[in-house]
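A structural walkthrough
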Amino acid sequence: MKKDDIFQGLKDLKELSKEMVRSNKDQVFDHVYLLIKLVLILPVATASVERAFSAMTFVKNNYVIAWSQRPNRVEYGNLVNEPVIFSSFRRVDTKMVGLMP
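Structural notes, computed from the coordinates.

About the cut-offs
Residues numbered from 1 in each chain as written. Predicted model: local features only at pLDDT ≥ 70, side-chain atom pairs only at ≥ 80, totals over all residues. Heavy atoms only, no water. Helix = DSSP H or I, 4+ residues; strand = E, 2+ residues; numbered from the N terminus. Buried < 20%, exposed > 50% of the residue type's maximum accessible area, 1.4 Å probe, protein only. Areas by Shrake-Rupley, 256 points an atom, 1.4 Å probe, with all protein chains shown as cover. Salt bridge = Lys/Arg side-chain N within 4 Å of Asp/Glu carboxyl O. Lys, Arg positive; Asp, Glu negative; His and termini not counted. Patch = residues over 30% accessible without salt bridge, like charges linked within 9 Å, V, L, I, M, F, W, Y side chains within 5 Å. Core = buried A, V, L, I, M, F, W, Y, C linked by side-chain atoms within 4.5 Å. Contact = heavy atoms within 4.5 Å. Arc of directions from axis to C-beta. Polar contact = N/O pair within 3.5 Å; in protein donor to acceptor, adjacent residues only side chain to side chain.

**A word on the overall build of the protein**
- Along its length, the protein carries 5 helices and 0 strands.
- What you see in the protein, going N to C, is helices and strands ordered as α-α-α-α-α.
- Taken across its 101 residues, the protein has 8% of its residues classed as buried.
- Here the protein displays about 9100 Å² of accessible surface, and carbon together with sulfur accounts for 64% of that area.

Put into structure tokens, the structure is as follows:
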């Protein structure tokens, strides 16, 4: 590709990738083309992921604020009844043992 005249005046990776496709060099140098494509796509993909995480954090924080300001908030510790939980697990365990050959 160094000696090919069509690649001499290129300024950036975008032009290089377009010229590779135009001259079918993307088929010959497929790994190089994939690497160039990855370099061109990575900033956009990174920004999209950052926006998604930012949106999830925003929703989570607003949910926590709304949950903490509820007038009849029930603490999680009051919902736990250990004997009931243990007995339900024992029932599931005995049912599973009965199912096994």
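Structure's up, so let's keep going.
**Quick notes on the pattern of salt bridges**
- Counted under the stated rule, the structure contains 1 salt bridge.
- Linking Glu19 and Arg22 is a salt bridge whose minimum nitrogen-to-oxygen distance equals 2.6 Å. In this pair, Glu19 and Arg22 both sit in helix H1 (residues 13-22), 3 residues apart, roughly one turn of the helix.

**A short note on unusual backbone geometry**
- The phi torsion at Asn24 lies on the positive side, around 60°, for a residue other than glycine.
- Structurally, the position occupied by Asn24 is in the loop between H1 and helix H2 (25-28).

**Considerations on the side chain of Asp26**
- When you line up the elements, Asp26 lands in helix H2.
- One buried charge, Asp26, has no salt-bridge partner; the nearest side chain with opposite charge is Lys37, at 7.9 Å.

**Focus: a nonpolar patch on the surface**
- Residues Leu13, Leu35, Leu38, Val39, Leu40, Ile41 and Leu42 make up a contiguous nonpolar surface patch of roughly 620 Å² in combined accessible area.
- It is helix H3 (residues 30-68) that provides the largest number of residues to the nonpolar patch, a total of 6 residues.
- Residue position: Leu35 is located in helix H3.

**Some words on the nonpolar core**
- Phe7, Leu16, Met20, Tyr33 and Ile36 together form the largest nonpolar core, which totals 5 residues.
- Apart from residues no more than four positions distant in its own chain, Tyr33 is found in contact with Ser17, Met20, Val21 and Asp26.

**Digging into H1**
- Listed in full, the buried residues belonging to H1 are Leu16, Ser17, Glu19 and Met20. Looking down the long axis of H1, one finds its buried residues gathered within 165° of arc, a one-sided arrangement.
- One or two residues past the end of H1 sits Asn24, with phi positive at roughly 60°.

**Quick notes on the side chain of Ser17**
- Looking at the secondary structure, you find Ser17 in helix H1.
- For Ser17, a relative accessible area of 12% gives the class buried.
- A distance of 2.8 Å separates a polar atom in the side chain of Ser17 from the backbone oxygen of Lys14.
- Aside from chain neighbours lying at most four places away, what touches Ser17 is Tyr33, Ile36 and Leu40.

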